[in-house]
Amino acid sequence: EIWSFGSGWGPSSESGYPNFAGPEGEVPATLVAQRAAAEELAVHRDETTDDEGWNYGLLFEKIGQPRPGGRSVALPLDRVRRRCWTEAAALRRAEDHPTPSS
């Protein structure tokens, strides 16, 4: 997984967060662009994200915490957003074999 971060809907570097980060730390934006162009990476989208895969929040530190109404829609005070890039092959397998809802 690689997370992309945005602050004020612009580059997140102004907030101290990298534009892209993985488990080992910052990931170069050029690498993400190359892997996305080669269709190796794709944005994870589901009912918890908007159509482009973003989650929204006031602070990065709280964006993973639940809130009433969810995080798939930006509220007036939200200033940050994030989305998850994952291996495209894994997303295709998940789409081909959806997990039954409980």
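Just above sits the structure.
## Some thoughts on the environment of Thr86
Its place among the elements puts Thr86 in strand β7 (residues 80-87). Classification of Thr86 as buried rests on a relative accessible area of 16%. It is 5.7 Å that separates the C-alpha atoms of Thr86 and Ala42, two residues lying 44 residues apart in sequence. Not counting residues up to four positions away in its chain, the partners in contact with Thr86 are Glu1, Glu40, Leu41, Ala42, His44 and Leu91.

## Here we look at the pairing of strand β1 (residues 2-7)
Most of β1 sits inside the fold, with five of its six residues counted as buried. In the sheet, β1 pairs with β7 via six bridges, with the strands oriented antiparallel. Across the sheet, Gly6 pairs through a bridge with Arg81, a residue of β7.

Reading the values: the criteria
- Residues numbered from 1 in each chain as written.
- Predicted model: local features only at pLDDT ≥ 70, side-chain atom pairs only at ≥ 80, totals over all residues.
- Heavy atoms only, no water.
- Helix = DSSP H or I, 4+ residues; strand = E, 2+ residues; numbered from the N terminus.
- Buried < 20%, exposed > 50% of the residue type's maximum accessible area, 1.4 Å probe, protein only.
- Contact = heavy atoms within 4.5 Å.
- Pairing = 2+ DSSP bridges.

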